[in-house]
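Descriptive structure summary
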Amino acid sequence: MKFADFICFEATVAQLKATNRDDAIKELILSLEKAGKLKKGASKDIIKAIIKRENEASTGMGKGVAIPHVKYKSVKELVGVVGLSSAGIDFFALDKQPVHSVILMISPENDPDKHLITMEHIFKNLQREMFRKFLRQCSRPEHVQDLLNEADEDSSL
Amino acid sequence: MEKQAGEDTLEKVVCEKEVEIKNADGLHMRPAMQFVDIANRFDSDITVSNAETTVDGKSIMQISMLAATCGTKLKIRAEGSDAQQAVNALSELVEQRHFDEPLPG
């Protein structure tokens with residue numbers, strides 16, 4: 001599994017305008033829609049579903065990162081998008097700290113194993129302090145793409 | 001003084017158990033949170049291993065990293081005064097309660 005296999009780099013939002021969790025989720029979904037990754041008219045539903053999931057238990061795992069995600073029926077391929085906020089967003093994270101890096105993920109309903117393998121790849125990298133630091137510092141979508149490609153090539157990053 | 005020195009080595013129980021993931025969706029984030037929640041109720045150090053790696057059973061990021069799919073076997077290991085209780089509680093969550101989630105099929 002590689003970031004390049006599921007992250008839509010075209011939709012990266014290197015500087016989120018949103019200042020709160022729900023708006024950040026909305027901004028990222030609309031960016032995916034604009035990139036042509038979502039079925040027409042599905043965005044509203046997906047936004048609602050992700051916020052609902054987030055209300056059940058925050059995916060703000062601490063250390064400034066959040067991984068909002070949902071399983072959604074009309075999505076054929078697992079797709080992810082990266083959003084960054086230098087100001088930080090309150091994601092109701094486990095450590096109560098603001099979130100600077102968001103990796104949002106939408107998975108099809110019938111492939112739980114792929115969902116897990118993707119999560120593994122995300123967490124394997126987010127675990128590393130250097131990776132988190134570099135990701136947070138990206139100020140342009142190209143930087144995000146370069147960093148994630150590098151992480152795919154070199155697991156020591 | 002002698003007695004104090006002895007307290008460090010008091011009750012170093014080690015307990016291990018192999019469990020199998022039974023819920024259809026595997027060890028995704030919500031089950032991982034349940035696991036970490038329970039693990040953190042115990043004083044013992046807790047690790048979880050799959051075939052390749054061993055991770056901290058009290059860290060949500062590390063447990064999520066295991067990406068254990070349905071059918072995966074994991075080894076839970078606890079070390080400390082409440083090791084036995086910890087392993088019992090965690091294996092019950094995985095195998096009996098299967099994280100309160102549906103089984104395959």
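The model shown is predicted, which means the values in this text are computed figures rather than measured ones.

Concerning the overall build of chain B
Scanning chain B from N- to C-terminus turns up 4 helices and 4 strands. For chain B, the residues scored as buried account for 39% of the 105 residues in total. In chain B, of all internal contacts separated by at least 6 residues, the share reaching a separation of at least 24 is 74%.

What about the interface of chain A and chain B?
Chain A puts 15 residues into the contact, and the matching count from chain B is 15 residues. If you tally residues by element for the side of chain A that touches chain B, the top one is helix H3 (residues 112-126) of chain A, at 10 residues. Among the residues making up the side of chain A that touches chain B, the classes are represented as 9 nonpolar, 3 polar and 3 charged.

Considerations on the packing of helix H2 (residues 29-39) of chain B against helix H4 (residues 83-96) of chain B
Residue and element names in this part refer to chain B. As a packed pair, H2 and H4 sit with axes 10 Å apart at the nearest point and diverge in direction by 165 degrees. For the element pair H2 / H4, the angle class is roughly antiparallel. Seen along the crossing, H2 lies across H4 with a hand that is right-handed. Residues Gln34, Phe35, Ile38 and Ala39 of H2 touch H4, and the partners they reach there are Ala86, Ala89, Leu90 and Leu93. Residue classes in the contact of H2 with H4 are distributed as 7 nonpolar, 1 polar and no charged.

Some words on the sheet that holds strand E1 (residues 14-20) of chain B
Residues and elements named next belong to chain B. If you trace the 4 strands from one edge of the open sheet to the other, you get E1-E4-E2-E3, paired in antiparallel fashion. Each edge of the open sheet carries a strand with a single partner, namely E1 and strand E3 (54-56). Recorded for the sheet is a direction-independent mean angle of 25 degrees between the axes of neighbouring strands. Here 3 bridges tie strand E2 (residues 45-49) to E3, and the two strands are oriented antiparallel to one another. By the bridge assignment for E3, Ser49 is matched with Thr54. Taken strand by strand, H4 contacts E1, E2 and strand E4 (73-79), and its axis lies near 5 degrees from that of E1.

Here we look at the packing of helix H1 (residues 21-34) of chain A against helix H2 (residues 43-56) of chain A
Residues and elements named next belong to chain A. Following both chains from N to C, one finds H1 and H2 inclined at 145 degrees, their axes separated by 10 Å at the closest point. For the element pair H1 and H2, the recorded crossing hand is right-handed. Between H1, through Arg21, Asp22, Ile25, Lys26, Ile29, Leu30 and Glu33, and H2, the contact on the second element is made entirely by Ser43, Ile46, Ile47, Ile50, Ile51 and Glu54. Per-class residue counts for the contact of H1 with H2 are 7 nonpolar, 1 polar and 5 charged.

What about the nonpolar core?
Ranked by size, the top nonpolar core spans 70 residues in total, and within it Leu28(A), Ile63(B), Leu66(B), Ile76(B), Ala86(B) and Leu90(B) carry the most contacts. Among residues more than four places away in sequence, those in contact with Ala86(B) are Ala39(B), Phe42(B), Ser44(B), Ile46(B) and Ala78(B).

Remarks on the pairing of strand E5 (residues 99-107) of chain A
All names here are of chain A. In terms of burial, E5 is largely enclosed, as 9 of its 9 residues are buried. Of the strand pairs in this sheet, strand E2 (residues 65-66) and E5 are connected by 2 bridges, and their pairing is parallel. Paired with Ala66 across the two strands is Val102, which belongs to E5. Relative to E5, strand E3 (residues 69-71) is paired through 3 bridges, and the arrangement is parallel.

A few points about H1(A)
Residue and element names in this part refer to chain A. Here H1 contains 14 residues, and its C-alpha end-to-end distance of 20 Å stays within 8% of the 20 Å for a straight helix at 1.5 Å per residue. Arg21, Ala24, Ile25, Glu27, Leu28, Ile29, Ser31 and Leu32 are the residues of H1 that are buried. Backbone geometry just after H1 places Gly36 at a positive phi near 80 degrees.

Focus on H2(A)
All names here are of chain A. Helix length check: H2 (14 residues) gives 20 Å between terminal C-alpha atoms against 20 Å at 1.5 Å per residue, within 8%. Listing the buried residues of H2 in full gives Ile46, Ile50 and Glu54. One side of H2 carries all its buried residues, which in axial view fall inside an arc of 70 degrees. Seen from the open side of H2, the exposed residues pointing more than 90 degrees away from its buried face are Lys44, Lys52, Asn55 and Glu56.

Brief notes about the pairing of strand E4 (residues 79-89) of chain A
Residue and element names in this part refer to chain A. Here E4 lies mainly inside the structure; 8 of its 11 residues are buried. Two elements, E4 and E5, share 7 bridges in a ladder whose sense is antiparallel. Bridge pairing in E5 places Ile89 opposite Val99.

Definitions and cut-offs
- Residues numbered from 1 in each chain as written.
- Chains lettered and ligands numbered in written order.
- Predicted model: local features only at pLDDT ≥ 70, side-chain atom pairs only at ≥ 80, totals over all residues.
- Helix = DSSP H or I, 4+ residues; strand = E, 2+ residues; numbered from the N terminus.
- Buried ≥ 20, exposed ≤ 12 C-beta atoms within 10 Å, placed from the backbone.
- Contact = placed C-beta atoms within 7 Å.
- Nonpolar A, V, L, I, M, F, W, Y, C, P; charged D, E, K, R; others polar.
- Axes fitted to C-alpha atoms, helices over the stretch in contact; angles between N-to-C directions.
- Parallel < 35°, antiparallel > 145°, perpendicular 65-115°, else oblique.
- Left-handed = near helix turned anticlockwise from the far one by under 90°.
- Pairing = 2+ DSSP bridges.
- Core = buried A, V, L, I, M, F, W, Y, C linked by C-beta atoms within 7 Å.
- Expected span 1.5 Å × (residues − 1).
- Arc of directions from axis to C-beta.

Limitation: the analysis is restricted to geometry and does not speak to function.
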